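Structural description and commentary
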Amino acid sequence: MKSLYLSLLLLLFAASTTLAQSLVAGTITDTKGESLPGASVYLQGTYDGASTDSLGTFGFQTSEEGELTLIISSIGYHGEGQSLTLPGNHENLRISLKEDISQMEEVVITAGAYQATDESRAVALKPMDIVTTAGALGDISGAIRKLPGTQPAADDGRLLVRGGTSSESRIYIDGMSVQSPFATKLPALPTRGRFNPFLFKGITFSSGGYSAEYGQALSSVLILNTKDRRAVPTTEISLMTVGAGAAHEQPWKRGSLALRADYTNLQPYQGMMNSERDWQKAPRGWNGQLSLQQETGAHGLWKTFAQYSSNKLAFRQKEPFPGVPDALNLKNDYFYGQTGWSGRLSDTWKLRGGVSGSYNLDDFITDLGNRRTERNGLHAKLVAEHHLPRLSLTSGTEWLADRTVESLSHDSLSTSSEVQSHTTAVFTEAQYRLSGSVSARAGLRYQHMQPSGSHGLSPRLGLAWQAGEHSQLSAAYGTFYQQAEAEYLLAENSLAPYEAAHYILNYQWNKSDRLLRVETYYKSYDRLTRTLSGMPENTGEGFAKGAELFWRDRETVKNLDYWVSYSYTDTERTYSNFPVAATPTFVSKHVVSVVGKYFVRPIRTQFGTSIQYASGRPYDNPATEAFMDGRTKPIFTIDLNAAHLISDQVVLFASVTNLLGYDQVFGYRYADTPGGMLRQAIRPDAPRFVFAGLFITLEKKSTEELLNQF
C-alpha cells in the first residue's frame, strides 16, 4: 500500500512537470533570409537547447520559468541573445544573424596568381613541388613552366609568359627586386635560376593583374619569400653527379646564421654524352651563400642575404655556321645582396623596407670578337601596411637603378658604351571585404623613368566573388610600364618605356585536395622597340590573348598527386626586326603538361613523371615571301625522377629528362652563301640529361616528418 502511494505521488509530480514545460521553436536565418543549418540555440545557464536542421528550424521543450536569455550562435556570424519569459508562447520565433567578417574564410583574388606555400589550403603548389617535379631539375622556373600561361622554353630556361619575352618577367626576394636572376644566357643553350629553391618557404607566380606594389614587368612577377630560421642546428651535405655542396645553419635565441657553398662541374658528364658542341671547358663554377636573421624588439625581424658565384665554360661548334661564333669562351661573376627589416608597429600597422644590389660581369671571347658586359642594379623600398577587419591598405615608395657598360673589341678596334636608367615610384592599394563573399582591390602606381623622362600612372583593379562554398570568380585589370632593355638603351637612351594592359577573368573550384582553375585573358602592348631602320624606335605594338586550364588532384587516389595544365596562346607583335606583326619564335599556340607523383610508402620512395607537349613554333624562312610562315614539328618530352629515403637523414634522388630521346627542334637559322641558302636546325646540346644525387641532412627529424615532405 505504501508503494502504491509513492507511485501515485510520482505520477502526480511527473504530470505537474509536463504541464509546466514550454515549447521553444523557430527559424534561424541570415540577414538575407537564407536559412542557417547547424546553428546552436540554447537557454543561457541551462542544458535546454537544440541545433537547427537543414531548413534552419529548431525546437525543444523546457521546464524553466522566469526571464531567460535565448542564445543563438553560428560559425561565421555574430552571436545573438533574445530575452524570453517562460512559460509563454515562443513557438514561432524568427531570428536573423549578421555575418562576422573577421571569422569568414578570406576571399582571395586569384586572377592571374598561383601560390606555392604551406600556409594556405588554396595553393596550387607547395615548395617541395619545385624540387620533386620531374624535369624541373631543382630549378624554380623549371617547375613554374609546368603551370598554365608559360612556354616550355627548353632552349631558354627563363620565364616566357603569355606571349611575353623573358625580359617581361621580374623576380623578387622578400619584396626586393633581383637583377640578373638567371645565369648568363647563350644562344640555343638553356640557362637556369641562380637561387636554391630550398631557400624559400613561399612562392607566388603571377601571370598578370598583379599588385600595384610591383612594377617594371609587363607580363609576370615571381615573388619568393625566404624561410624563417630553424630551431635546431642543421648541416646539409650533397654529393651529385655534377658536383657537391655543403651547408650549415646555426641558430641562437633570437637569430641564426646560415652558410652554404656549392661546386658544379659538368666535365665528367659531358665526356659521356653525345653533345652538339665540342666542349673544351664544360660548364663549371662555385657558389657561396650567406643568410643572417635577427629578431628585433617584440615584433621585428631583420634579414640579410648575400650570394656570390663564378662560372666558366668554353666550346667549339661541331658544325660551324656563318654568323655564329665557331668558338666561345665565357667567364661570369655575379653578386647579389639584400638586407631588410619587417615588423609590427601596433596591432594594425606593419612596416617593411630594405635595400638590394647586384653585380654581373660577362666576359665573352669569340673568334668574331670579344665582348665584356657589366651590369649593376640597385633597389630601395619602403612599405607601410594598415590592417583592419574589413580593410587592408598598402602604401610605399621605391627606387630602382640599373647601369650597363658594354665593351667590344675585334682586332685593333674597340668601343665602349654605357647607359644608366632610374625608376622612382610611389604606390598605394586598398583591399576591402564588401561582405563575407566579396572582396575588392584597387591600387594606383605612379612611376617616373629616366633617361627618357617619362611618367606613367598605372591603375590596378581586382574583384573576387565567392559564388559557392568551394568556388569563386575573380577578375583583374591593370596597366604596366617597363623600361626598354639595356641592349636597346645603349644605342638610343631616349626610348620611351613599354606599356601593357591586362584583362583577366578567372574561375576557381577548390574542395579538399582538388583544385580546378579556368582563366582567360587579353593583353595589349604598346611602344615596343623595333630596329628595322637600324636604330631602335618605339613603334612596336601587339597583343596576346588566350585561355588556360589547371586541374590538380591529391584526393582521389591515396598517395597519388597529379596535375594537368593546358594553355592556348594567340599572340602577334611588331618588335625587334619584325617587318609585320607576327607570332614570336618562342611561342607555341598549344601547350599541355601532365605531372604526376606517386609515393610508395613501404619502400619510402616517390616516383615522378612529367609529360609535356607543345605545338610547333613559328620560324622565318627567308627563301619564302611570307614572314614567319614556317612551323617546327611539335616539341614533346617525357621526364622521370625518383626520390628514395635511405634513412631518416639521407635521400637518394635521380632524374632523367626526355627519356625517349625525342628529336626536339626549337627553330632554324639561315645564311645566304655563295653556294646557296644554308639551313641549320637549332637543337638542345644533348638529347637528354641524367642526374643523380645523395642529400644528407644532419638534423634531428622524425621519419614521419621526412615522409610528410613528399
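Residues numbered from 1 in each chain as written. Predicted model: local features only at pLDDT ≥ 70, side-chain atom pairs only at ≥ 80, totals over all residues. Heavy atoms only, no water.

Side note on the overall build of the chain
Summing up its helical and strand segments, the chain has six helices and 38 strands in all. In terms of overall dimensions, the chain has a C-alpha envelope of 130 × 55 × 55 Å along the principal axes. Sequence separation of 24 or more characterises 60% of the internal contacts of the chain that already satisfy a separation of 6 or more. Here the chain displays about 32,500 Å² of accessible surface, and carbon together with sulfur accounts for 57% of that area. Of the side chains in the chain, 66 bear a positive and 71 a negative charge, and the two mean positions are spaced by 4 Å. (Helix = DSSP H or I, 4+ residues; strand = E, 2+ residues; numbered from the N terminus. Contact = heavy atoms within 4.5 Å. Areas by Shrake-Rupley, 256 points an atom, 1.4 Å probe, with all protein chains shown as cover. Lys, Arg positive; Asp, Glu negative; His and termini not counted. Charge placed at Lys NZ, Arg CZ, Asp CG, Glu CD.)

Thoughts on the confidence of the model for the chain
Of all residues in the chain, 91% attain a pLDDT of 70 or more, and the chain-wide mean is 87. Averaged pLDDT values over the elements of the chain bottom out at 43 in helix α1 (residues 2-20) and peak at 96 in strand β32 (residues 618-619). For residues 1-19, every residue scores under 50 in pLDDT, and the model assigns this stretch zero contacts once sequence neighbours within four places are set aside. Contacts of residues 118-122 to residues separated by more than four positions or lying in other chains number 10 contacts, the stretch itself having pLDDT below 50. (pLDDT = per-residue confidence, 0-100.)

Things to note about unusual backbone geometry
Cis geometry marks the peptide bond from Leu86 to Pro87; its omega dihedral reads -5 degrees. Omega for the peptide link from Gln450 to Pro451 comes to 15 degrees, which places this bond in the cis form. Backbone geometry at Met628 places phi at a positive 60 degrees, although glycine is not the residue there. Locating Met628 in the fold gives a position in the loop between β32 and β33 (630-631). The exposure class assigned to Met628 is buried, which follows from its relative accessible area of 11%. For Asn658, which is not a glycine, the phi torsion comes out positive at approximately 50 degrees. Position of Asn658 among the secondary structure elements: in the loop between β35 (650-656) and β36 (667-673). A relative accessible area of 4% places Asn658 in the buried class. (Buried < 20%, exposed > 50% of the residue type's maximum accessible area, 1.4 Å probe, protein only.)

Remarks on the pattern of salt bridges
If you walk through the whole model with that rule in mind, you get 30 salt bridges. Among the salt bridges present, the one from Arg372 reaches Asp363, with a minimum N-O distance of 3.5 Å. In this structure, a network of salt bridges that share partners links the residues Arg162, Arg517, Glu519 and Glu548. (Salt bridge = Lys/Arg side-chain N within 4 Å of Asp/Glu carboxyl O.)

A look at the pairing of strand β38 (residues 690-698)
Where strand β13 (residues 234-240) lies against β38, six bridges are found, and the strand directions are antiparallel. Its bridge partner lying in β38, Met240 is registered against Gly693. Pairing geometry for β35 and β38, over seven bridges, is antiparallel. Across the sheet, Ala654 pairs through a bridge with Ala692, a residue of β38. (Pairing = 2+ DSSP bridges.)

Remarks on the packing of aromatic side chains
For the structure on display, the rule yields 17 aromatic pairs. Ring geometry for Tyr503 versus Tyr522: centroids 6.4 Å apart, planes at 45 degrees, classification tilted. Residue Tyr503 is found in strand β26 (residues 498-511), and its partner Tyr522 is found in strand β27 (residues 514-530); the two are separated by 19 residues along the sequence. Overall, Tyr522 belongs to the partly exposed group, its relative accessible area being 36%. Members of the aromatic cluster, each reached through a chain of ring pairs, are Phe195, Phe305 and Tyr336. Its end group placed over the ring of Tyr334, Arg194 keeps NZ or CZ at 3.8 Å from the ring centre. Sitting over the face of the ring of Tyr525, Arg573 holds its NZ or CZ atom 4.3 Å from the ring centroid. (Phe/Tyr/Trp six-rings, centres within 6.5 Å; stacked < 30°, edge-to-face > 60°. Lys NZ or Arg CZ within 6 Å of the ring centre and 35° of its normal.)

Thoughts on the sheet that holds strand β7 (residues 90-97)
Ordered by their spatial adjacency, three strands build an open sheet running β4-β1-β7, and the pairing between neighbours is mixed. Pairing within the sheet leaves two strands with one partner each, and these edge strands are β4 (57-62) and β7. Across the sheet, the mean angle separating the axes of adjacent strands is 25 degrees when strand polarity is ignored. (Axes fitted to C-alpha atoms, helices over the stretch in contact; angles between N-to-C directions.)

Focus on the sheet that holds strand β2 (residues 40-43)
If you trace the four strands from one edge of the open sheet to the other, you get β3-β2-β5-β6, paired in antiparallel fashion. For this open sheet the edge positions go to β3 (49-51) and β6 (80-86), each flanked by a neighbour on one side alone. Within the sheet, the average angular offset between the axes of one strand and its neighbour, ignoring direction, is 15 degrees. Across four bridges, β2 lies against strand β5 (residues 66-73) in antiparallel orientation. Each residue of the ladder has a partner; that of Tyr42, found in β5, is Ile71.

Observations regarding the nonpolar core
Within the largest apolar cluster, 27 residues are counted, with the highest numbers of intra-cluster contacts made by Ile140, Phe195, Phe200, Leu222, Leu224 and Tyr336. Sorting the residues of this core by element identifies α3 (140-144), β9 (169-173), β10 (176-178), β11 (200-206), β12 (220-226) and β18 (327-344) as the ones contributing at least two each. Those residues in contact with Leu222, other than ones at most four positions away along the chain, are Ile140, Ile144, Leu159, Arg170, Ile171, Tyr172, Ile203, Thr204 and Phe205. (Core = buried A, V, L, I, M, F, W, Y, C linked by side-chain atoms within 4.5 Å.)

Quick look at empty space enclosed by the protein
Counted according to the given criterion, the structure contains five cavities of 30 Å³ or more. Roughly 90 Å³ of volume is contained in the largest cavity. Listing elements by their share of the lining of the largest cavity, those giving two or more residues are α3 and β12. Tallied by class, residues from the lining of the largest cavity come to seven nonpolar, two polar and two charged. (1 Å grid on protein atoms, 1.4 Å probe; cavity = no way out; pocket = protein on both sides within 12 Å on 5 of 7 lines; lining within 4 Å. Points joined across faces, edges and corners; volume = space filled by probe spheres on them. Nonpolar A, V, L, I, M, F, W, Y, C, P; charged D, E, K, R; others polar.)

Digging into the side chain of Arg260
Structurally, the position occupied by Arg260 is in strand β15 (residues 255-265). The class of Arg260 is buried, set by a relative accessible area of 19%. Among the polar contacts made by the side chain of Arg260, one reaches the side chain of Glu236 at a distance of 3.4 Å. Within the local environment of Arg260, its side chain forms a polar contact with the side chain of Asp262, the two groups lying 3.1 Å apart. Those residues in contact with Arg260 that sit more than four places away from it in its chain are Asn196, Glu236, Ser238, Ala246, Ala247, Asn287, Gly288 and Gln289. (Polar contact = N/O pair within 3.5 Å; in protein donor to acceptor, adjacent residues only side chain to side chain.)

Thoughts on the environment of Leu698
For Leu698, the location among the structural elements is in strand β38. As a C-alpha pair, Leu698 and Asp648 span 50 residues in sequence and 9.5 Å in three-dimensional space.

Here's the deal with a nonpolar patch on the surface
A grouping of Tyr263, Trp286, Tyr308 and Phe335 is seen on the molecular surface, where their side chains present a nonpolar patch of about 390 Å² in accessible area. Relative to the helices and strands, Tyr308 resides in strand β17 (residues 300-317). The exposure class assigned to Tyr308 is partly exposed, which follows from its relative accessible area of 30%. (Patch = residues over 30% accessible without salt bridge, like charges linked within 9 Å, V, L, I, M, F, W, Y side chains within 5 Å.)

Thoughts on the pairing of β36
Bridge count between β36 and strand β37 (residues 676-682): seven bridges; the pairing is antiparallel. Pairing of Tyr668 across the sheet is with Ala681, part of β37. Hairpin remark: β36 followed by β37, antiparallel, with two residues in the connecting loop.

Things to note about the side chain of Asn621
Within the secondary structure, Asn621 is located in the loop between β32 and β33. Overall, the relative accessible area of 18% leaves Asn621 in the buried class. Ignoring any residue separated from it by four or fewer positions in sequence, one finds Asn621 in contact with Asp629 and Tyr670.

Let's talk about the environment of Ala544
Tracing the backbone shows Ala544 in strand β28 (residues 537-553). Here the alpha-carbon distance between Ala544 and Leu640, two residues 96 residues apart in the chain, equals 33 Å.

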